[in-house]
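# Results of the structural survey
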Amino acid sequence: MIRGVAEVRLVGENIEPGVYKFSEALRFAEEQEVDLVEISPNAEPPVCKLMDYGKFLYQQKKREKELKAKSTQIVVKEIRFGPQTDEHDYEFKRKNAEKFLKEGAKLKAFVFFKGRSIIYKEQGQILLLRLAQDLEELGKVEALPVLEGKRMIMYIAPKKKK
């Protein structure tokens, strides 16, 4: 809302840019059936533009929506193993991992060591490397297995589709 000013600098389409009385600027806006929008209130005199404000807001929302649609969300799916996961469980989890990578999600595979099972670190590492080898054609390993506390973690990113 523009208040307490006698003159405004007017810009916009179908108008000669310049300094006009406030009442005259409002009259121009009414004649052209557009809005008088204050662009720079701190300038001397304030800068106003003749524009259809509703259309401007609509186009701005549309632009933001397009930008949001172009940006992709990276989904990280987790698969948890124990250090002594048997063959059937491994195959089941490998199939889920394949499905996640085909959907385009990143995969966080980890082996969780409970209690004294931490002595089987090598088995956990072998298990994760085996998974990486099995998923070689679908994804690439971003980070090799690393032990963080009681978890050995490995990240696999999907390969780009050609």
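## Considering the overall build of the protein
Tallying secondary structure elements over the protein gives four helices and eight strands in all. Listing the helices and strands of the protein from first to last along the sequence gives β-β-α-β-β-α-β-α-β-α-β-β. Its C-alpha atoms give the protein a radius of gyration of 31 Å, more than 25% over the compact-globule value 15 Å for 162 residues. With respect to the three principal axes, the spread of C-alpha positions in the protein is 85 × 35 × 20 Å. Across the 162 residues in the protein, those meeting the buried criterion constitute 30%. Expressed as a percentage of contacts within the protein between residues at least 6 apart in sequence, the contacts between residues at least 24 apart total 52%. Put simply, the protein shows about 11,700 Å² of open surface, and 51% of that area lies on carbon and sulfur atoms. The centroid of the 32 positive side-chain charges in the protein is displaced by 9 Å from the centroid of its 26 negative side-chain charges.

## Considering the pattern of salt bridges
Applying the stated criterion across every chain, the model contains seven salt bridges. One salt bridge connects Arg130 with Glu87, and the closest N-O pair in it is separated by 2.7 Å. Of this pair, Arg130 sits in helix α4 (residues 121–134) while Glu87 sits in helix α3 (residues 87–102), and the two are 43 residues apart along the sequence. A relative accessible area of 30% means that Arg130 is categorised as partly exposed. The exposure class of Glu87 is partly exposed, given its relative accessible area of 44%.

## Let's talk about the packing of aromatic side chains
Under the definition given, this model contains three aromatic pairs. Each ring, one from Tyr20 and one from Phe28, has its centre 5.3 Å from the other, and the planes form 85°; the classification is edge-to-face. The side chain of Arg27 reaches across the aromatic face of Phe28, ending 5.2 Å from its centre. Of note, Arg80 hangs over the ring of Phe112, and the distance from its end group to the ring centre comes to 4.7 Å.

## A look at the side chain of Glu98
Along the chain, Glu98 turns up in helix α3. Once residues lying within four places of it in the same chain are set aside, the contact partners of Glu98 are Leu135 and Leu138.

## Points about the sheet that holds strand β8 (residues 151–158)
The strand order across the open sheet formed by four strands is β5-β6-β8-β7, and the pairing between neighbours is mixed. Of all the strands in the sheet, just β5 (76–81) and β7 (139–148) have a single pairing partner and so form its edges. Strand after strand, the sheet turns through a mean of 20° between neighbouring axes, direction not considered. Pairing of strand β6 (residues 106–112) with β8 involves six bridges; the strand directions are antiparallel.

## A word on helix α1 (residues 22–32)
By the burial criterion, the buried members of α1 are Phe22, Ala25, Phe28 and Ala29. Buried residues along α1 cover an arc of 120° about the axis, so they all sit on one side. Facing away from the buried side of α1 by more than 90 degrees, the exposed set consists of Ser23, Glu30 and Glu31. The elements touched by buried residues of α1 are β1 (7–12), β2 (18–21), β3 (35–40) and β4 (47–51). Looking one or two places after α1, you find Glu33, whose phi comes out positive at around 55°.

## Here's the deal with a nonpolar patch on the surface
Side chains of Tyr53, Phe56 and Leu57 sit close together on the surface and give an oily, nonpolar patch of about 240 Å² of accessible area. Secondary-structure assignment places Leu57 in helix α2 (residues 53–70).

Criteria and cut-off values
Residues numbered from 1 in each chain as written. Predicted model: local features only at pLDDT ≥ 70, side-chain atom pairs only at ≥ 80, totals over all residues. Heavy atoms only, no water. Helix = DSSP H or I, 4+ residues; strand = E, 2+ residues; numbered from the N terminus. Rg over C-alpha atoms; globule rule 2.2 N^0.38 Å. Buried < 20%, exposed > 50% of the residue type's maximum accessible area, 1.4 Å probe, protein only. Contact = heavy atoms within 4.5 Å. Areas by Shrake-Rupley, 256 points an atom, 1.4 Å probe, with all protein chains shown as cover. Lys, Arg positive; Asp, Glu negative; His and termini not counted. Charge placed at Lys NZ, Arg CZ, Asp CG, Glu CD. Salt bridge = Lys/Arg side-chain N within 4 Å of Asp/Glu carboxyl O. Phe/Tyr/Trp six-rings, centres within 6.5 Å; stacked < 30°, edge-to-face > 60°. Lys NZ or Arg CZ within 6 Å of the ring centre and 35° of its normal. Pairing = 2+ DSSP bridges. Axes fitted to C-alpha atoms, helices over the stretch in contact; angles between N-to-C directions. Arc of directions from axis to C-beta. Patch = residues over 30% accessible without salt bridge, like charges linked within 9 Å, V, L, I, M, F, W, Y side chains within 5 Å.

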